[in-house]
Amino acid sequence: MSSKKIERKLGAGLLTGCCVALGIAGGGSAFATESWQNTNLTVGYTTQSKADPVFGTGTADEKMTTVRLEHFGVHEYGDNYFFFDTYHGKKVGGVFDGVGAGSFGDTASDQYYGVWNPRLSLSKITGANLSLGFIQDVYLAARLERGSYANFRANNFGIAFDLKVPGFSFFETDFYARGARFTGDDGSTTRTLFWRTFAMLPFEIGGYKFVWSPLLLVNFNNKERETTVFVQPDLWLRLNSHFDVGYRHEYATYSKTVGEGGGTYSRTTPTLLVRWNF
């Protein structure tokens, strides 16, 4: 069997695993039954998916469709979050003539990327009140990432905090020790410090319900890349109990390697979104 077919099977296997996990979460499991959960399917479209040697979401004509399955659930020991993205377009991730194009080759019309982010609440496990000032709870956290572009793998382990910030319905910030590897590093593991922050700010204008949900990812001292910054703020408009429409203005910046010409790389990617809440 070719490596291309193997990787497609792996991608399908990961998606199947997410679906199985979703079924377990919905029906109860031997580990923890979720007392609250939200699951959705989002479709995004952009005409400005520029070449990006790190994230690999660039296409030959800059047109790209993203499909995301996403789940968040709360259980008696903490919470559980995962998403699985598939990217579709002309030569997704192959716009550098094969440099880092990864699992599916230079002319691939599809790539995938998935994240599983479980957290264990120290207050729930110990029964102690760990709130202090604007800190509501403290968690042991993990973030496992897998992607077809450049055969990317990253394992992050650290500590997370739920914060009480006025106006926000949810505000989380995490700090991780990160180990990542991909084809461009010849399979060696790059170890860095990783910071993640995600928040949700609901508001109303003229009777319409909106949610602003920014995501910030910072990867410190990433070898020749130096510090990588990724910002993904989404603005959502609630249409009804099942459907939302949104707009994303994604931003990424980091240093190029010598092989890429050196200097600083930055991009912005506007994306239109439609979300179905199960």
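Reading the values: the criteria
Residues numbered from 1 in each chain as written. Predicted model: local features only at pLDDT ≥ 70, side-chain atom pairs only at ≥ 80, totals over all residues. Heavy atoms only, no water. Patch = residues over 30% accessible without salt bridge, like charges linked within 9 Å, V, L, I, M, F, W, Y side chains within 5 Å. Areas by Shrake-Rupley, 256 points an atom, 1.4 Å probe, with all protein chains shown as cover. Salt bridge = Lys/Arg side-chain N within 4 Å of Asp/Glu carboxyl O. Helix = DSSP H or I, 4+ residues; strand = E, 2+ residues; numbered from the N terminus. Buried < 20%, exposed > 50% of the residue type's maximum accessible area, 1.4 Å probe, protein only. Core = buried A, V, L, I, M, F, W, Y, C linked by side-chain atoms within 4.5 Å. Contact = heavy atoms within 4.5 Å. Pairing = 2+ DSSP bridges. Polar contact = N/O pair within 3.5 Å; in protein donor to acceptor, adjacent residues only side chain to side chain. Phe/Tyr/Trp six-rings, centres within 6.5 Å; stacked < 30°, edge-to-face > 60°. Lys NZ or Arg CZ within 6 Å of the ring centre and 35° of its normal.

Student: Tell me about a nonpolar patch on the surface, and name the residues and values.
Tutor: A surface patch of nonpolar side chains, amounting to about 550 Å² of accessible area, comprises F203, I205, W212, L235, Y247 and L272. Within the secondary structure, Y247 is located in strand β13 (residues 243-255). A relative accessible area of 35% means that Y247 is categorised as partly exposed.

Student: Report on the nonpolar core, specifying residues and quantitative values.
Tutor: Note that soluble globular proteins tend to have their nonpolar side chains buried in a common cluster. Counting residues in hydrophobic clusters, the biggest one holds 10 residues: M64, Y81, F83, Y87, V92, Y113, V115, F152, A154 and A180. Broken down by secondary-structure element, the contributors of at least two residues to this core are β3 (78-89), β4 (110-121) and β6 (152-163). Ranked by residues supplied to this core, first place goes to β3 with three residues. Once residues within four sequence positions are removed from consideration, Y81 is found in contact with R68, E70, H71, F72, V115, W116, N117, P118 and R196. Grouped together as the second largest cluster of nonpolar side chains are nine residues, A141, Y176, L215 and A252 included.

Student: Would you mind going over the pairing of β3 in detail, with residue names and values included?
Tutor: Within β3, 11 of the 12 residues are buried, which leaves it mostly tucked inside the rest of the structure. By the bridge criterion, 12 bridges tie strand β2 (residues 64-75) to β3 in an arrangement that is antiparallel. The partner of E70 across the bridge, within β3, is F83. Counting the residues between successive antiparallel strands, the hairpin from β2 to β3 contains two residues. Sheet analysis places β3 next to β4, joined by 11 bridges and oriented antiparallel. The residue of β4 that forms the bridge with F82 is W116.

Student: So what's going on with the side chain of T197? Residues and values would help.
Tutor: Tracing the backbone through its elements, the reader meets T197 in strand β8 (residues 190-205). A relative accessible area of 12% places T197 in the buried class. At a separation of 3.1 Å, a polar atom in the side chain of T197 contacts the side chain of W195. Leaving out residues up to four positions away in the same chain, T197 has contacts with F171, E172, T173, P214, L215 and L216.

Student: Quick one: what's the story with unusual backbone geometry, residue by residue and with numbers?
Tutor: If you check the backbone angles, E62 has positive phi at about 70° while not being a glycine. Considering the arrangement of structural elements, one finds E62 in the loop between β1 (36-46) and β2. Although it is not a glycine, N151 sits at a positive phi angle of roughly 50°.

Student: Kindly report on the environment of L272, identifying the contributing residues and their values.
Tutor: Along the chain, L272 falls in strand β14 (residues 264-277). Those residues in contact with L272, other than ones at most four positions away along the chain, are V43, G44, Y45, G246 and Y247.

Student: A description of the packing of aromatic side chains should follow, citing residues and the corresponding values.
Tutor: Considering all chains together, one arrives at 16 aromatic pairs under this definition. The structure contains a cluster of three or more aromatic residues connected by ring pairs, namely W36, F72, F170 and F198. Against the face of F194 rests R178, its NZ or CZ located 4.4 Å from the ring centre.

Student: Now, about the pattern of salt bridges: what can you tell me, with residues and values included?
Tutor: For the structure on display, the rule yields 13 salt bridges. The shortest N-O distance in the salt bridge between R68 and D85 comes to 2.6 Å. Pair noted here: R68 is in strand β2 and D85 is in strand β3, with a separation of 17 residues, a long-range link. Across the pair, exposure class does not vary: R68 and D85 are buried alike. Residue E250 is joined to R267 by a salt bridge in which the shortest nitrogen-to-oxygen separation is 2.9 Å. Here E250 is found in strand β13, whereas its partner R267 is found in strand β14, with 17 residues between them in sequence. In this structure E250 comes out as buried when scored by relative accessible area, which is 11%. A single network of salt bridges, built from pairs that share partners, joins D79, R119, D162, E172, D174 and R196.

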